[in-house]
Structure formats: C-alpha cells, structure tokens
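# Close look at the chain arrangement
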Amino acid sequence: MTAPLSERIAEVEAKLAAIRSRRGEAVLDGDDSFDVAEYTATQAQLDALRDAEGIAVHRERAAAQVSRGRRRAELKDIVTATERERIEAITEADEHARALVEALQRAAAANDRIHKAIHELTGKGAHGFQPLNFENRLSGYLAAVMRSFRDGPRGGRFGFINWPDGPRRKSGAWAIEEDKIVAGDLKQALK
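A brief structural summary.

Conventions used here
Residues numbered from 1 in each chain as written. Predicted model: local features only at pLDDT ≥ 70, side-chain atom pairs only at ≥ 80, totals over all residues. Heavy atoms only, no water. Helix = DSSP H or I, 4+ residues; strand = E, 2+ residues; numbered from the N terminus. Expected span 1.5 Å × (residues − 1). Contact = heavy atoms within 4.5 Å. Phe/Tyr/Trp six-rings, centres within 6.5 Å; stacked < 30°, edge-to-face > 60°. Lys NZ or Arg CZ within 6 Å of the ring centre and 35° of its normal. Salt bridge = Lys/Arg side-chain N within 4 Å of Asp/Glu carboxyl O. Buried < 20%, exposed > 50% of the residue type's maximum accessible area, 1.4 Å probe, protein only. Polar contact = N/O pair within 3.5 Å; in protein donor to acceptor, adjacent residues only side chain to side chain. Patch = residues over 30% accessible without salt bridge, like charges linked within 9 Å, V, L, I, M, F, W, Y side chains within 5 Å. Areas by Shrake-Rupley, 256 points an atom, 1.4 Å probe, with all protein chains shown as cover. Lys, Arg positive; Asp, Glu negative; His and termini not counted. Charge placed at Lys NZ, Arg CZ, Asp CG, Glu CD.

### Some details on helix 3 (residues 131-147)
Here helix 3 is 17 residues long and its end C-alpha atoms lie 24 Å apart, about the 24 Å a rise of 1.5 Å per residue gives. Each element contacted by the buried residues of helix 3 is listed here: helix 2 (36-122) and helix 4 (174-190).

### Details of the packing of aromatic side chains
Using the criterion set out here, one finds 1 aromatic pair in the structure. One Lys or Arg, Arg23, reaches over the ring of Tyr39 and ends 4.4 Å from the middle of that ring.

### Some points on the pattern of salt bridges
For the structure shown, the criterion picks out 7 salt bridges. The partner of Arg106 in a salt bridge is Glu102, and the shortest N-O contact between them spans 3.5 Å. Residue Arg106 and its partner Glu102 are both found in helix 2; the two are separated by 4 residues, about one turn of the helix. By relative accessible area, which is 52% here, Arg106 ends up exposed. Overall, Glu102 belongs to the partly exposed group, its relative accessible area being 47%. Of the charged contacts in the structure, one is a salt bridge between Glu178 and Arg137, with a shortest N-O distance of 2.6 Å. With Glu178 in helix 4 and Arg137 in helix 3, this residue pair connects regions lying 41 residues apart in the sequence. Assigned by exposure class, Glu178 and Arg137 land together as buried.

### Overview of the side chain of Asn111
Here Asn111 shows up in helix 2. Here the side chain of Asn111 touches Phe129 through a polar contact of 2.9 Å, landing on its backbone oxygen. What Asn111 contacts, discounting residues up to four positions off in sequence, is Gly128, Phe129, Gln130, Pro131 and Phe134.

### Some words on a negative patch on the surface
Side chains of Glu25, Asp29, Asp31 and Asp32 sit close together on the surface and give a patch of like negative charge. Along the chain, Asp29 falls in helix 1 (residues 5-29).

### A look at the environment of Leu121
Position of Leu121 relative to the elements: it lies in helix 2. When its relative accessible area of 58% is taken as the criterion, Leu121 is described as exposed.

By themselves these figures say nothing about function.
This is how it looks when you write it as structure tokens:
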C-alpha cells in the first residue's frame, strides 16, 4: 500500500536535503565524484510528487464543489417542497382557528342562555354556568392543548402569546370535563 502523498513528499524532501548536504561537502572538499544524476532524479521525483499533490488538491476541490452543488440542489428541493407543506399547514391552522373562535362564541352564548334560564328557574345563579367561570375553564382547556405545541422551557409561549400552566385535565375531551363540572347545577335546576 502506498504511503499518503504528504508522507512521500516529506521522505523525498529529507532524502534531497541529505543529497544536498553531501553535494555541499563534495564541493568544499574538491571531490568530483558526487553523483549529480541521483540529485537530479530525486529533485525530479519531488517535483512530480508536488505536481501530484497540486492535482489531488484540485480534484478534492472539484469533488467538493460538485458535492456542494448537489447539496444545494437537494436543499432547494427541500425548501420548495417544505414551503408548500408550510403554507398548507398555515391555511389549515387559519381555518381551524376561525372555526374555534366561532365555536367558542356559540358555546359562550349557549352558556349565557342556560345561566339566565337557571337563574329564572331557581332564583339564583348556577356556579358552573357563571360566564366568568365558564370562560376561565375554556381558557384552561385551550391553554392545556396549546402547551402541547412545544415542550421545554418555552412550552407556555407561542410568539406573543403566553399560555399559563393551568391544571392538567384527566380527559382530553372538553365536553366530558364540562359535563362533570355542571352536572350538579343541571340536576338542581331541573328537579
């Protein structure tokens, strides 16, 4: 197995330094027996290795550029596809948020009608149907659902909206919770 190019260059540079040292000694000592061919061959070998190193760097850069180009194309595809997904989700959230507001308004209006009717029937208000109590419970249900949007330290925050960490509900269904809360008021009013 061939040693890495950088190791081969270091070896040839060391060999060339030793040859240069011997050449210098030969010149100083007036020795004409110095082998110039060995020096020339070693220098040529070093030049070839450095040329190979330059080509290897060029190939690595070209491969990296191709890889970056592929990655950019992949990322552009991801952006395009994900933007469609994001817009669809935003559209769905918009529709559901508007439907939620409409449903909460209907629930609050129905709650007010029940509260007034029970007051007329019994001569007193029903605690479970007090408008403020009802709104507080609805906001608690909504806060519990919205807290599931994000876990962690920012779990109670969604942009400019802070969702309090209200009481955890045993059931995920708001209507089941409400039935439990107002059952006694309804029984009292309807007897």
